Amino acid sequence: MELRRDAGRIGPSQGPWIRRRQIARILGSPDPHELAQVIDRRGDTIAWGLVSAVSNITVRVVRFSEEPPAQTWLEDRLAAAFSARRAYRLDEEGTTGYREVNSEGDGLPGLVIDRYADDLVVQITTAPMAARQDAIVEWLRAHWSGRVHVVLPDHAAKHEGFDPGVHREGERTTLQFTEHGLSFRVPAPPSQKTGAYFDQRANRRTIAHLARRHGGKMLDLGCHVGGFALHARKLGVHVIGVDQSKLALDYAARNAADNGLEADWVEADLFGRLDATALEGPFGTIVLDPPKIATRKGDVERALSALHRVVDRLIPRLEDDGHLVVCSCSHHFDGAHLDRLVSSRLDPTFTRVQVLGAGFDHPVAPGHREGEYLRVHVYQRRRAHTESV
């Protein structure tokens with residue numbers, strides 16, 4: 001695969017993706033089962049990668065080098081990823097739900113593996129990884145004693161040119177795991193992502209402690225199965241969770257009951273009027289965790305407008321010195337965009353007090369900006385004072 005003369009710099013600091021516009025020509029027939037050799041216009045080999053013939057991201061580099069990776073690179077990197085998670089000893093802190101493999105961050109582009117106690121959910125999102133599905137499952141079965149489920153999402157299959165599907169081992173309709181000592185159930189595949197949102201695991205505990213210190217009620221918008229809400233409730237905070245999905249709220253209520261906790265759940269669209277009596281406030285902490293609403297760069301302004309309207313509805317319900325936690329799960333919608341949501345609020349004023357991201361089980365390859373998709377900004381509301389203090 002030969003790069004264009006004007007392809008720009010290609011190397012680790014630019015990230016592992018090579019796009020179609022950077023490629024002058026493909027020498028031979030692109031085969032997702034084989035590693036592609038990437039050469040520059042002088043004929044020098046600069047990288048080896050996984051090729052997706054129909055994708056705009058044509059090559060996902062697995063090694064920047066003249067020499068190809070070892071033939072066992074797939075198995076070696078799976079072993080390294082699993083070993084890295086064991087080093088964190090998450091089970092010792094009462095956590096059996098976390099990410100075992102995080103795509104480019106573990107040198108395995110297009111592959112995500114999440115652990116749910118004794119279950120693994122494998123999510124494959126690229127044609128080259130789909131071509132290696134059998135090898136991946138074979139390695140897992142040799143190193144994992146529990147169940148292995150495989151998900152090939154429809155949207156990824158459409159863009160990458162492979163067959164979608166869900167291969168679930170057994171008849172279980174729910175997956176179970178623990179998180180910081182709390183028990184959770186989530187729908188088994190097919191479901192949102194792999195079933196849960198492990199990238200927010202550490203943030204849920206952080207915000208729970210913040211809510212307890214303030215002392216007011218907490219509103220969790222986009223609560224899914226109750227993550228932020230139940231961690232705060234465990235610390236004695238009165239919580240209200242809101243989600244548009246009745247199924248998610250059913251699981252949230254069940255998770256609360258499993259942990260001996262009481263919480264209020266409201267079925268509502270977080271982009272709607274939020275006019276239920278229970279949502280009037282005031283709240284000491286408000287978490288706004290919307291779905292991915294900027295899948296493309298062109299979606300950003302529309303997303304900003306929609307979130308501005310939500311924030312306008314939430315500000316009157318937030319107590320003085322309370323905290324507004326705003327999340328984005330799109331790399332197009334970055335921290336600067338989150339700041340724009342509150343930067344024009346002069347009375348009351350908002351100041352950013354903390355920036356959070358995905359946990360350490362979600363590593364990012366250096367230079368891979370797209371891998372830094374989760375941004376969580378914590379703002380404190382400070383009423384403007386004109387009198388002397």
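A quick note: this is a predicted structure, and the numbers were derived from the prediction, not measured.

A. Examining the nonpolar core more closely. By size, the foremost hydrophobic cluster in this structure holds 30 residues, and its most contacted members are Leu 219, Leu 221, Leu 288, Leu 314 and Leu 324. Where this core is concerned, the elements lending two or more residues are β14 (218-221), β15 (239-243), β17 (283-288), α8 (300-314), β18 (318-328) and α9 (335-342). In this structure, Leu 288 is in contact with Leu 221, Leu 270, Leu 307, Val 310, Val 311, Leu 314, Val 325, Val 326 and Cys 327, ignoring residues within four places of it in sequence. In terms of nonpolar packing, the next biggest core, distinct from the first, is built from 28 residues, Leu 120, Ala 127, Val 148 and Ala 157 among them.

B. How the structure looks around the sheet that holds strand β10 (residues 147-152). Strand order in the open sheet formed by 5 strands is β7-β8-β9-β10-β11, and the pairing between neighbours is mixed. Looking along the sheet, the strands with just one partner apiece sit at the ends: β7 (97-102) and β11 (165-167). Taken pair by pair, the neighbouring strands of this sheet meet at an average axis angle of 15°, ignoring direction. In the sheet, strand β9 (residues 119-124) pairs with β10 via 5 bridges, with the strands oriented parallel. The residue of β10 that forms the bridge with Val 121 is His 149. Across the sheet, helix α1 (residues 73-88) touches β7, β8 (111-116) and β9, and the angle it forms with β7 is around 150°.

C. View of the environment of Asp 312. Within the secondary structure, Asp 312 is located in helix α8. For Asp 312 and Pro 164, which are 148 residues apart along the polypeptide, the C-alpha to C-alpha distance reads 40 Å.

D. Main features of the sheet that holds β15. Spatially, β16-β15-β14-β17-β18-β20-β19 is the arrangement adopted by the 7 strands of the open sheet, whose pairing is mixed. Edge strands, defined here as strands with exactly one partner in the open sheet, are β16 (264-267) and β19 (349-356). When strand polarity is set aside, the average angle formed by the axes of neighbouring strands in this sheet is 20°. Summarising the sheet, β14 and β15 pair through 4 bridges and their orientation is parallel. When the sheet's bridge partners are listed, Leu 221 is paired in β15 with Val 242. Against the sheet, helix α7 (residues 246-258) makes contact with β15 and β16, and its axis sits at roughly 175° relative to β16, the strand it touches most. Packed onto the sheet, α9 meets β18, β19 and β20 (375-382) and runs at close to 25° relative to β20.

Definitions and cut-offs
- Residues numbered from 1 in each chain as written.
- Predicted model: local features only at pLDDT ≥ 70, side-chain atom pairs only at ≥ 80, totals over all residues.
- Heavy atoms only, no water.
- Core = buried A, V, L, I, M, F, W, Y, C linked by side-chain atoms within 4.5 Å.
- Buried < 20%, exposed > 50% of the residue type's maximum accessible area, 1.4 Å probe, protein only.
- Helix = DSSP H or I, 4+ residues; strand = E, 2+ residues; numbered from the N terminus.
- Contact = heavy atoms within 4.5 Å.
- Pairing = 2+ DSSP bridges.
- Axes fitted to C-alpha atoms, helices over the stretch in contact; angles between N-to-C directions.

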